[in-house]
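Structure at a glance
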Amino acid sequence: MTYLVLDNCIKCKYMDCVEVCPVDCFYEGENMLVIHPDECIDCGVCEPECPAEAIKPDTEPGLDKWLKINTEYAEKWPNIIAKGTPPEDGEKFDGEEGKFEKYFSPEPGEGS
Ligand code: SF4
Ligand code: SF4
């Protein structure tokens with residue numbers, strides 16, 4: 001199994017998760033992060049750290065789409081190991097429905 005970053009990370013991108021991951025398996029897109037499913041050791045420490053509750057284990061039903069997105073973009077985006085500056089308006093988007101369809105960006109972030 002693995003943990004996955006889901007829809008609500010988009011445009012919130014608080015990055016509290018990267019500070020606690022023992023294997024540095026987060027990757028940074030322009031407006032969200034993903035987890036590399038082959039590198040995640042399923043420790044679960046990142047899940048309660050995410051203020052947006054955007055991290056879930058793949059054992060929860062209905063996450064096939066997110067397993068694909070995390071797998072694909074972990075290969076394309078740069079690794080991030082230190083928390084950067086979160087977007088100033090992140091809270092405004094926290095909890096909004098349909099963020100993937102409205103805002104997902106395939107562009108890479110800066111990484112660290
Ligand atoms: S803490 Fe949550 S919202 Fe922030 S980058 Fe990590 S997964 Fe995204
Ligand atoms: S579950 Fe553990 S290893 Fe996997 S992304 Fe979260 S902190 Fe990293």
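Just above sits the structure.
Our subject in this report is the structure included herewith. (Residues numbered from 1 in each chain as written. Chains lettered and ligands numbered in written order. Predicted model: local features only at pLDDT ≥ 70, side-chain atom pairs only at ≥ 80, totals over all residues.)

Moving on, we get to the site of ligand 2. Surrounding ligand 2, one finds 13 residues, the nearest of these being Tyr-3, Cys-21, Cys-40, Cys-43 and Cys-46. For the shell around ligand 2, the residue count by class is 11 nonpolar, 1 polar and 1 charged. (Near = placed C-beta within 6 Å. Nonpolar A, V, L, I, M, F, W, Y, C, P; charged D, E, K, R; others polar.)

Turning our eyes to something else, we now look at the nonpolar core. The biggest cluster of nonpolar side chains holds 30 residues, and the ones touching the most others in it are Val-5, Cys-9, Cys-17, Phe-26, Leu-33, Val-34 and Ile-35. When contributions to this core are tallied by element, the ones reaching two or more residues are strand E1 (3-5), helix H1 (16-20), strand E2 (26-28), strand E3 (33-35) and helix H2 (64-76). The element best represented in this core is H2, accounting for 4 residues. Setting aside anything within four residues of it in sequence, one finds Leu-33 in contact with Val-5, Cys-9, Lys-13, Cys-17, Phe-26, Tyr-27, Glu-28 and Ile-80. (Core = buried A, V, L, I, M, F, W, Y, C linked by C-beta atoms within 7 Å. Buried ≥ 20, exposed ≤ 12 C-beta atoms within 10 Å, placed from the backbone. Helix = DSSP H or I, 4+ residues; strand = E, 2+ residues; numbered from the N terminus. Contact = placed C-beta atoms within 7 Å.)

Counting through the fold element by element, Gly-90 comes out in helix H3 (residues 90-93). Judged by the 18 C-beta atoms lying within 10 Å of it, Gly-90 falls in the partly exposed class. In this structure the C-alpha to C-alpha distance between Gly-90 and Glu-75, which are 15 residues apart in sequence, comes to 25 Å.

Below, the discussion takes up the environment of Tyr-14. In this fold, Tyr-14 is placed in the loop between E1 and H1. Residue classification places Tyr-14 among the partly exposed positions, given that 19 C-beta atoms sit within 10 Å. The spatial distance from the C-alpha of Tyr-14 to the C-alpha of Leu-63 is 22 Å, given a sequence separation of 49 residues. With near-sequence residues (within four places) excluded, Tyr-14 lies in contact with Pro-51, Ala-52, Pro-86 and Gly-90.

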